[in-house]
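Chain by chain, the residues:
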Amino acid sequence: MNLHSLFSIKRRTGRSHFRIFLLTIAALGVLNAQARTAANANAIPEIIDISDSVAATPAGGQLVTLQQQYREQMSSGQLEQALESAKQIVSGSAVVWGENSEQVASALTNLAITQADNAEYGAAQQNFIAAINVREELTGGIVDPTLVNPLKGLATTAMALNDVEQAIPVFERAIHLSHVNLGPNNLEQVDVMDALSRAYYFLGELRRANKIQENLFRLQRRNFERDSDQYIDALLGQARWYGETRDFTRAMLAYKAVVNRMNRAYGELDRRLVEPRVEMAFVAPGTSIQDQDLGQAAILADKDRAISRAVRIARQTKDADPVLYAQTLAKKGDFHAANFDARSARLAYLQSWRELDGDPKLHSIRNELFDAPKPARVIPIRNTHKRVPPNSPGEMALYKDRGFVELQFTVNALGRPITIEVIDSQPAGLMDKTVVRGLRNFRFRPRFVNGRPVATPNQTFRHDFRYSDERLSPGERRNIEKTEAARTRAAAKAENPPGIVVDDADGLPVDSDAAEIVIDDAGGLPVDGEESEIAIDNAGDLPIDNEEPEIAIDDAGGLPVDNEEPEILIDDADGLPVESDDER
C-alpha cells in the first residue's frame, strides 16, 4: 500500500487549494496531524506581476508564456512538468528584474510549492526561506502582508518533515501578520489557525488545541449568517475536529446540529445530508466521563441509525446518482467491518458492487471502490515509545529522536490483516510489538475480483514515532541490540544458505555431499551409477530391465503373451473363449 496519497483540498472558506502530495503516517487513507495541517494551510501559487512594457520584450514574453503554462500544468496535476516550468520562471525573473525583486520572491514561492507537491520537502523549505528573505529585504520590516503566503508554506513543509516544533512559531507569525494587516477578525487566518491547533494536538497539548479551535469557530460565527452554507461548513469543521480528537459526545452534538440546519436549509432527503451522516457513523468514543456514561451499546445504536439513514437518503437519489448510492453502501460495509460484523459487511459490499457492475460506464468507479483494500477501521497507535499523559507539553518535548516501524501484511477476504511481518524498524525492536498489535486491530474493505472478496498480499504500513535515546531503559537497549543481531544473522543466512556451494561456471548451487550424478553425453539424461542397470532397446528406444520377467510378443497380433498364464481356447463357431478344463 502506497504511503504517498494525492488529495484535492478545499479550505473551510470554500476556496480551492491545489493538489499536494502528503505523507500519511497512518498510511491507510487516514491523515495524521502533520498531513492534515499540510492539507489545510499550504501556500497557494502566486501570480507574478509582469508589466506591459516588460511583456513586450522577448524575455518578458517568454515569462508570460511560461507562467500560463505553469498554471495549466498545476491545475491538471502535471507536477513534474510544472516543476521544470517553475525553475525556468525563477531563472528568467532573475535575469529580467534582478535576484532581489518582488517577482523573484513570487517565483521562488511557486517553485517551493511545486517542490512540496513533488515531495521534495527539503528543497521546498530552502526556497520558502529564500522567498521570505527577499521580501524582508525589499520591505525592510517584518509586517509585510505578502510574507503570510510563504510563511504558511514554510510551516507546512516543516510539518511534512515532522518538525512540528519548528512549524508552530512560523504559523504563529503568519497569524500575527494577518492580525496586523487585516484585523483580528479576518477570515484569511482560518486555515492557519486550524493548522496551528493540529500542531499543538500532535504535541499532546489538547487543551491549547481545543482553545484555538473554539476561537476559530467564534471567528466564523461572527462572519457568517446562521443559515448560510459557510456557517454549516464551519459547524461541520467543528464536528470533525471533535471526532478526530475522540470527543464522541461533543462530536455527535455538533454533527446533529449540522444535520438539523441542513434539514431546514435543503430538506430532509437532500443528498448533501449523506456525508455528515456517514461521518457520524465513524466517530470513535473517547475516554471522557460523558462518553463512558453512554455505554457501548448506546453509542453503537446511535451510529447505526446514522449510517442507515444515509443509505436511505442515497437510495432516494439512486436513479439520478447511482454512484452516491453505491459509495454509501460501501461505507455501510466499512461500518459493519469496523464493528466486527463480517457477514453484514460482505452483504453491503456485494450490493455496492452489483449497483456499479451492470453499467460499463460505472466500472471505473467500481474499480476505485474495490480494486485494492481500503481502511474501514483504524485505531490510533501512539506516536511515542512510552505513553505520555495528555496535556503534557514538557514531557512530549523530551522525545526528540525519530523512529519508525515498517510492516508487510496480507488483507484476507474478510478484511483482516494477517501474516504481519516487520520488514524494517529503527531503532530495531523498540516499537515493533506495539505497532504489530495496533495493526491487528485494523479492519479493511477487501479487494473484490469478479464480485467476490479475495486476499491481497504484500500490503505495507509505516508508523513514525518519537523516542528519547537518553530515556531508554537498560532492558530496551538490550532488546534493540538483540533484534539488530538477529536481523544481521538472518540477512547473512539469506545471502549464503548453509551447505550449498555455488559453481562459478554456471552460477548453480552444487552440494558436495549429494550423490554424484553422471550425465549421459549421448542423450543428455542423468545416469546414476548406484541404480540398477537399464538397457535400451535400440529398435524402439524403450528401456528394458533384465530383472523383469520375460514377456513374449505374439507376432500375429502384436499383443504380449505370458507363458505363465493358462491357455485359453477360442471357439471358432461363436468367437467366445472356451476353457479346456470346463465341461463341454
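In what follows, the structure referred to is the one given above.
Cut-off values and rules
Residues numbered from 1 in each chain as written. Predicted model: local features only at pLDDT ≥ 70, side-chain atom pairs only at ≥ 80, totals over all residues. Heavy atoms only, no water. Helix = DSSP H or I, 4+ residues; strand = E, 2+ residues; numbered from the N terminus. Buried < 20%, exposed > 50% of the residue type's maximum accessible area, 1.4 Å probe, protein only. Polar contact = N/O pair within 3.5 Å; in protein donor to acceptor, adjacent residues only side chain to side chain. Phe/Tyr/Trp six-rings, centres within 6.5 Å; stacked < 30°, edge-to-face > 60°. Lys NZ or Arg CZ within 6 Å of the ring centre and 35° of its normal. 1 Å grid on protein atoms, 1.4 Å probe; cavity = no way out; pocket = protein on both sides within 12 Å on 5 of 7 lines; lining within 4 Å. Points joined across faces, edges and corners; volume = space filled by probe spheres on them. Salt bridge = Lys/Arg side-chain N within 4 Å of Asp/Glu carboxyl O. Pairing = 2+ DSSP bridges. Axes fitted to C-alpha atoms, helices over the stretch in contact; angles between N-to-C directions. Contact = heavy atoms within 4.5 Å. Patch = residues over 30% accessible without salt bridge, like charges linked within 9 Å, V, L, I, M, F, W, Y side chains within 5 Å. Areas by Shrake-Rupley, 256 points an atom, 1.4 Å probe, with all protein chains shown as cover. Expected span 1.5 Å × (residues − 1). Arc of directions from axis to C-beta.

> Before we move on, could you go through the side chain of K152 and cite the residues and values that matter?
Looking at the element boundaries, K152 is found in helix α7 (residues 148-160). A residue is classified by how much of its surface remains accessible, and K152, at 6% relative accessible area, is buried. Here the side chain of K152 touches D191 through a polar contact of 3.2 Å, side chain to side chain.

> Let's hear about the packing of aromatic side chains: which residues, and what values?
Working definition: an aromatic ring pair is given by the centre-to-centre distance plus the angle between the planes. Counting across every chain of the model gives 11 aromatic pairs. Taking 6.0 Å as the distance between ring centres and 40° as the angle between the ring planes, the aromatic pair formed by F217 and Y231 counts as tilted. Of this pair, F217 sits in helix α10 (residues 206-223) while Y231 sits in helix α11 (residues 229-244), and the two are 14 residues apart along the sequence. Assessed through its relative accessible area of 5%, Y231 is described here as buried. In this structure an aromatic cluster arises from ring pairing among Y349, W353, F370 and F448. Over the face of the ring belonging to Y266 we find R272, whose NZ or CZ atom lies 3.6 Å from the ring centre.

> Could you give an account of empty space enclosed by the protein, naming the residues involved and the relevant values?
Taken as a whole, this structure holds 1 cavity of 30 Å³ or more when the rule is applied. Within this model, the largest cavity holds a volume of roughly 60 Å³. Surrounding the largest cavity, 11 residues form its lining, Q213, E214, F217, Q238 and W241 being those nearest its centre. When residues of the lining of the largest cavity are traced back to their parent elements, those giving at least two are α10 and α11. Looking at which element gives the most residues to the lining of the largest cavity, the answer is α10, with 6 residues.

> Describe the pattern of salt bridges, and please don't skip the residues or the numbers.
Tallying each qualifying case throughout the model produces 24 salt bridges. A salt bridge links D302 to R305; its shortest N-O distance comes to 3.3 Å. With a gap of 3 residues between them, D302 and R305 both fall in helix α15 (residues 296-316), about one helical turn apart. On the basis of relative accessibility, which here comes to 52%, the residue R305 falls in the exposed class. Because the salt bridges share partners, they merge into one network encompassing D194, R198 and E244.

> Give me the pairing of strand β4 (residues 401-411): which residues, what numbers.
Sheet analysis places β4 next to strand β9 (residues 456-467), joined by 10 bridges and oriented antiparallel. Looking at β9, one finds that L407 is bridged to F461. Pairing geometry for β4 and strand β5 (residues 417-426), over 7 bridges, is antiparallel. Residue pairing across strands places Q408 opposite E421, the latter belonging to β5. The antiparallel hairpin formed by β4 and β5 contains 5 residues in its connecting segment, where G415 sits at a positive phi of about 85°.

> Give me unusual backbone geometry: which residues, what numbers.
In most cases, non-glycine residues show a negative phi, while peptide bonds are predominantly trans. Along the chain, Q426 connects to P427 via a cis peptide bond; the corresponding omega equals -10°. Here P427 shows up in the loop between β5 and α20 (432-440). The residue A119 is not glycine, and still its phi comes out positive at about 60°. By the secondary structure assignment, A119 is in the loop between α5 (102-117) and α6 (121-139). Of note, N450 is a non-glycine position whose phi angle comes to about 55°, a positive value. Relative to the elements of secondary structure, N450 occurs in the loop between β7 (447-449) and β8 (452-454). Its relative accessible area of 71% is what places N450 among the exposed residues.

> Quick rundown of the sheet that holds β9? Include the residues and the values.
One open sheet accounts for 3 strands, arranged β5-β4-β9; its pairing is antiparallel. This sheet does not close on itself; its edge strands, each paired only once, are β5 and β9. Sheet twist, expressed as the mean angle between neighbouring strand axes with direction ignored, is 20°. Across the sheet, α20 is in contact with β4, β5 and β9; its angle to β5 comes to roughly 150°.

> Run through a nonpolar patch on the surface, naming residues and quoting values.
Residues I142, V143 and V180 make up a contiguous nonpolar surface patch of roughly 260 Å² in combined accessible area. By the secondary structure assignment, I142 is in the loop between α6 and α7.

> Describe helix α21 (residues 474-495), naming the residues involved and giving the relevant values.
With 22 residues, α21 should reach 32 Å at 1.5 Å per residue; the first-to-last C-alpha distance of 32 Å fits that figure. Inspection of α21 places E476, I480 and T483 among the buried residues, and these make up the whole buried set. With its buried residues spanning 70° around the axis, α21 presents them on a single face. In α21, the exposed positions that point more than 90 degrees away from the buried face belong to P474, E481, K482, T488, R489 and K493.

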